[in-house]
Amino acid sequence: MGEVWRAYDTIADVQVVVKVLPRALQNDPQEIARVQQAFRRVNPLQHQHICPVHHLAFDQQAGYCLVMKYIDGTTLGDFHRRHARGGRMSVAEVCKLLRP
């Protein structure tokens, strides 16, 4: 998905996440159209298990980027390293994690 940055939105006075789309994707009009369509579908969704996507922005230097809500926490990789026994998680553990 490209680079992910933690940033500060000075207008809304909140921390956000900015996902900068890869250059290869930005140079493909069909891919940009697909990203725009996905943004229009995801943007209005509100659910406790969906991270809000606030904006699809364009910056002259960075190109297209998604601005999303910043959620403080750990990565799924960090979670896996802490909780996996022998480097693996059981199906029951994965289901418990993903069910919500």
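Re the overall build of the protein chain
Stage number 1. In terms of regular secondary structure, the protein chain is built from 4 helices and 4 strands.
Stage number 2. From first element to last, N terminus to C terminus, the protein chain shows the α and β order β-β-α-α-β-β-α-α.
Stage number 3. Its C-alpha atoms give the protein chain a radius of gyration of 16 Å, more than 25% over the compact-globule value 13 Å for 100 residues.
Stage number 4. Along the longest, intermediate and shortest principal axes, the C-alpha atoms of the protein chain span 45 × 35 × 25 Å.
Stage number 5. Counting every position in the protein chain, which comprises 100 residues, the buried fraction comes to 18%.
Stage number 6. Contacts in the protein chain between residues at least 24 apart in sequence constitute 31% of all its contacts with a sequence separation of at least 6.

Details of the confidence of the model for the protein chain
Stage number 1. Taken residue by residue, the protein chain gives an average pLDDT of 88. The fraction at 70 or more is 97%.
Stage number 2. Summarising per-element confidence for the protein chain, the mean pLDDT is lowest in helix α3 (residues 76-83) (76) and highest in strand β2 (residues 14-20) (95).

Examining the sheet that holds strand β4 (residues 63-69)
Strands belonging to one sheet form pairs held by backbone hydrogen bonds; the direction of such a pair is parallel or antiparallel.
Stage number 1. Here we have 4 strands laid out as an open sheet, ordered β1-β2-β4-β3, and antiparallel in their pairing. The open sheet is flanked by β1 (3-9) and β3 (53-59), the only strands paired with a single partner. Neighbouring strand axes in the sheet, compared pairwise and without regard to direction, differ in orientation by 30° on average.
Stage number 2. Strand contacts of helix α2 (residues 29-42): β3 and β4, with the helix running at about 155° to β3, the strand carrying the most contacts.

Some details on the packing of aromatic side chains
Stage number 1. On inspection of all chains with the given rule, the structure shows 1 aromatic pair.
Stage number 2. Residues F58 and Y64 carry aromatic rings whose centres are separated by 4.9 Å and whose planes lie at 65° to one another, so their mutual orientation is edge-to-face.
Stage number 3. Given a relative accessible area of 22%, Y64 falls into the partly exposed group.

Considering the state of the cysteines
Stage number 1. A full pass over the atoms with the stated rule returns 0 disulfides.
Stage number 2. Here C65 is not cross-linked by a disulfide; its sulfur's nearest cysteine counterpart is in C51, at 15 Å.

Here's the deal with a nonpolar patch on the surface
Stage number 1. On the surface, L76, V94, L97 and L98 cluster together into a nonpolar patch covering about 360 Å² of accessible area.
Stage number 2. Among the secondary structure elements, V94 is positioned in helix α4 (residues 91-98).
Stage number 3. According to the relative accessible area criterion, V94 is partly exposed, its value standing at 32%.

Structural notes on unusual backbone geometry
Stage number 1. One non-glycine residue, D13, lies in positive phi territory at about 60°.
Stage number 2. Among the structural elements, D13 can be located in the loop between β1 and β2.

Some details on α2
Stage number 1. Compared with an ideal rise of 1.5 Å per residue, which puts 14 residues at 20 Å, α2 spans 20 Å between its outermost C-alpha atoms and is within 8% of the ideal.
Stage number 2. Along its buried surface, α2 packs onto α1 (23-26), β3 and β4.
Stage number 3. For α2, the side-chain oxygen to backbone nitrogen distance between the N-cap and Q30 is 3.0 Å, and the N-cap itself is D28.

Rules behind the numbers
Residues numbered from 1 in each chain as written. Predicted model: local features only at pLDDT ≥ 70, side-chain atom pairs only at ≥ 80, totals over all residues. Heavy atoms only, no water. Helix = DSSP H or I, 4+ residues; strand = E, 2+ residues; numbered from the N terminus. Rg over C-alpha atoms; globule rule 2.2 N^0.38 Å. Buried < 20%, exposed > 50% of the residue type's maximum accessible area, 1.4 Å probe, protein only. Contact = heavy atoms within 4.5 Å. pLDDT = per-residue confidence, 0-100. Pairing = 2+ DSSP bridges. Axes fitted to C-alpha atoms, helices over the stretch in contact; angles between N-to-C directions. Phe/Tyr/Trp six-rings, centres within 6.5 Å; stacked < 30°, edge-to-face > 60°. Disulfide = S-S within 2.5 Å. Patch = residues over 30% accessible without salt bridge, like charges linked within 9 Å, V, L, I, M, F, W, Y side chains within 5 Å. Areas by Shrake-Rupley, 256 points an atom, 1.4 Å probe, with all protein chains shown as cover. Salt bridge = Lys/Arg side-chain N within 4 Å of Asp/Glu carboxyl O. Expected span 1.5 Å × (residues − 1). Polar contact = N/O pair within 3.5 Å; in protein donor to acceptor, adjacent residues only side chain to side chain.

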